[in-house]
Structures are given as structure tokens and as C-alpha cells.
Amino acid sequence: MIGGSQFLLDKVQPFLSADDMDYVDSYVGFPNAAVDRIVPIQQHEDPLFVSVEPFSEWLVDDTQSKAKQIRLNNVGYVSDLAPYIERKLFSVNTGHATTAYTGAFYGYTTIGEAVADRKVLDQLKAVLQETGDLLIAKWQFERPQHEQYIQKIIDRFKNPYISDDITRVARTPIRKLGYDERFIRPIREAKDYGLSYEALVDVVAMILQYDDPKDEESVRLQEMVKEKTMTEVIQEVTNLSEPTLVAQIVEKVRNS
Ligand SMILES: NC(=O)c1ccc[n+]([C@@H]2O[C@H](COP(=O)([O-])OP(=O)(O)OC[C@H]3O[C@@H](n4cnc5c(N)ncnc54)[C@H](O)[C@@H]3O)[C@@H](O)[C@H]2O)c1
Ligand SMILES: O=P(O)(O)OC[C@@H](O)[C@@H](O)[C@H](O)[C@H](O)CO
């Protein structure tokens, strides 16, 4: 979610008196942050034991913190979070979801199995190329560094020491098809920049066919697909109103 801490403040605020609010204004910061570390679903006897990947990135919007003298180790403090949170969401999360939905399409159950398949890997690379071109055009990231960032993400998905279920990464497909989420937003923006977004549309077509009977949103999505036209489903779920884009997605679903 972009703007998660601001969202929390908006929810807390109605419960605060004017005095509380003065105190919060002076002493309590709600800085938005980008948190990146893959944590698979897991169960251990000790509920506080958690297996995670070695990689981590934690970036905090410094303009909203109230105690600027406090600096946590391994946290990056930035004055503009937008480039970094978009880089994370549209690379790590778009790439992760691409691996999950493409993997599910080809019958895999874990991210590791899926990314070992050349077809899934090629789809992942094509999608990260499209979001990478957009991020570079929009935020002026250096191309060689961005290419390293992409390669690191692919290596993270291949990590043989963690097993991440496709059902976790592909969870809540209706949320993931949201207007400002990891597929529709880069598609809209790539179109505005005159950049390619075909591989992203390929994945949207696969998400519309994603069927996990244990995932409430997947069940609801598949019910919608049975009851409505594909154009109606896409408009309702993605909030896209642009007829050309909606038609492109409908066409992909027909041909996939
Ligand atoms: N797992 C990861 O790899 C990872 C990495 C970085 C960031 N995140 C983010 O962290 C957040 C949590 O992810 P997760 O993987 O731990 O999910 P999760 O589904 O394992 O855990 C979410 C927890 O929140 C609880 N919950 C859900 N709705 C609630 C509500 N309305 N009120 C109170 N509790 C509620 C659920 O019962 C569950 O225990 C998400 O925003 C995710 O994007 C996850
Ligand atoms: O949490 P979601 O459902 O938005 O996305 C699933 C995963 O892609 C996500 O949890 C990643 O593992 C995480 O964002 C990595 O930092």
C-alpha cells in the first residue's frame, strides 16, 4: 500500500481530542515507508520464530518524522519516498505477482518452481523491462543500476532456502487489479509515456483467469467472469474507463 502510515493517521485521528491532537502534532510522526523483505507463510512451535530472506530494504519518509535525531540502523531516510516506493511496488511486487500468476497459469504451486520455468522467467523479465523503462523515464533512475536491481529481484525469487506459495503471492487478485496497484498503474503510465506495456497486459489476462477456491477474491472474480461480460468485469475491477485499454485486455483474455 502506498501511503500506509498516513492512512493509519487518518483512521486514528477521529478518536483523538483536541489536546491529544496537539500532542500528536508535536511528538508523534506517521512517516510513510517502503518495506521490502520476502516473508513466506510459515508455522513454527515458537510463534516468534520467523524465517526471512537475507535481503531487506526499509526506507522512511524523513519529512514526516518528529524525532529526526533518532536514526535506526539499516533504515534509509529519504526526503521523497515516491520514486523508491514506486520502484519497489512496480519491480518487486509487480514481478512477484507476474511470477505467481504466470506460474499458476502453467500449473506450479511455489514461486521457486515457477521461476525455474523458462516461460515464466521470460514473462517476468519482459514485465520488469516494461516497468523498468517506465521508472527510468519517470524518476531518472540510472539504467545500469536499475538493471542490477532487477537481477537482484530475480535472484531473490530463485532463493532455494525459502519456499513461498503462489497462493500467498497471488492472494486477493481483485486488490491486485486495482487502478493504482502493481499492474494497472504502470500500464496507464507506460501508455501516457508512449512506452510498451504488452507484457503487463499479458499478466492482467492471466489474473482474470486465476482460480483459487480458498481465496475469497479469486472466487468472487471467477463468479463475476461467469455472470458478466469481460468488458464489464475489467471496468468494474480495474476502474479503467479508457476503451482502448479495456479492449486490449479483453483481446488478450480471448487469446490466452
Ligand atoms: N510477507 C511479505 O513478504 C511482506 C513483505 C513486505 C511487506 N509486507 C506487507 O505487510 C503487510 C502484512 O503482510 P503479511 O504477509 O504479514 O500478511 P498476513 O496475511 O500473513 O498477515 C496479515 C495479518 O493481519 C491480520 N488482519 C487482516 N485484516 C485485519 C484487520 N482489519 N484488523 C486487524 N488485523 C487484520 C490478519 O489476521 C493477519 O494476521 C501487508 O501490507 C504486506 O503488503 C509483506
Ligand atoms: O503482500 P501482497 O499481497 O501485496 O503481495 C504479495 C508479495 O508480493 C509481497 O508480500 C512481497 O513478498 C513483499 O512485498 C516483498 O517485500
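Residues numbered from 1 in each chain as written. Chains lettered and ligands numbered in written order. Predicted model: local features only at pLDDT ≥ 70, side-chain atom pairs only at ≥ 80, totals over all residues. Heavy atoms only, no water.

In the annotation of an unreviewed UniProt entry, the entry for the protein reads Mannitol-1-phosphate 5-dehydrogenase, and the organism field reads Tetragenococcus halophilus subsp. halophilus. Heading Catalytic activity (unreviewed entry) of the UniProt record for the protein holds this comment: "D-mannitol 1-phosphate + NAD(+) = beta-D-fructose 6-phosphate + NADH + H(+)". Under the UniProt heading Sequence similarities (unreviewed entry), the entry covering the protein gives this text: "Belongs to the mannitol dehydrogenase family." (UniProt positions renumbered as here; feature names shortened; annotations may be inferred.)

Read across the sheet, three strands follow the order E1-E2-E3 without closing on themselves; strand pairing throughout is mixed. Strands at the two margins of the open sheet, each flanked by one partner only, are strand E1 (33–36) and strand E3 (76–78). With strand direction ignored, the average angle separating the axes of adjacent strands in the sheet is 20°. Bridge count for strand E2 (residues 57–61) against E3 is three bridges, and the pairing is parallel. Within the sheet, the bridge partner assigned to Leu59 lies in E3 and is Gly76. With respect to the sheet, helix H3 (residues 82–105) is in contact with E1, E2 and E3, its orientation differing from that of E1 by roughly 35°. (Pairing = 2+ DSSP bridges. Helix = DSSP H or I, 4+ residues; strand = E, 2+ residues; numbered from the N terminus. Axes fitted to C-alpha atoms, helices over the stretch in contact; angles between N-to-C directions. Contact = heavy atoms within 4.5 Å.)

What follows covers unusual backbone geometry. Even without being a glycine, Gln140 presents a positive backbone phi close to 60°. Following the sequence through the fold, Gln140 ends up in the loop between helix H5 (118–139) and helix H6 (143–158). Looking at Gln140, the relative accessible area reads 58%, which means it is exposed. In the Ramachandran plot, Thr172 falls in the positive-phi region, its phi being about 50° despite a non-glycine side chain. Locating Thr172 in the fold gives a position in the loop between helix H7 (166–169) and helix H8 (173–176). (Buried < 20%, exposed > 50% of the residue type's maximum accessible area, 1.4 Å probe, protein only.)

The next thing to look at is the site of ligand 1. Around ligand 1 sit Val35, Arg37, Ile38, Val39, Arg168 and Arg171, and those are all the residues in its vicinity. Contact between ligand 1 and Arg37: an oxygen atom at 3.2 Å from a main-chain N or O atom of the residue. Between Arg171 and ligand 1, the recorded distance is 3.2 Å, taken from a side-chain N or O atom to an oxygen atom. Coverage of ligand 1 by the protein amounts to 25% of the 830 Å² it exposes when considered alone. The residue inventory of the shell around ligand 1, partitioned by class, reads three nonpolar, no polar and three charged. (Near = heavy atom within 4 Å. Polar contact = N/O pair within 3.5 Å; in protein donor to acceptor, adjacent residues only side chain to side chain. Areas by Shrake-Rupley, 256 points an atom, 1.4 Å probe, with all protein chains shown as cover. Nonpolar A, V, L, I, M, F, W, Y, C, P; charged D, E, K, R; others polar.)

It is worth spelling out H6 at this point. In this model, H6 (16 residues) spans 23 Å end to end at C-alpha, consistent with the 22 Å of a helix rising 1.5 Å per residue. Within the span of H6, buried status applies to His146, Tyr149, Ile150, Ile153, Ile154, Arg156 and Phe157. For H6, the angular spread of the buried residues around the axis is 160°, confining them to a single face. Looking at the buried positions of H6, the neighbouring elements they touch are E1, E2, H3, helix H4 (111–115) and H5. (Expected span 1.5 Å × (residues − 1). Arc of directions from axis to C-beta.)

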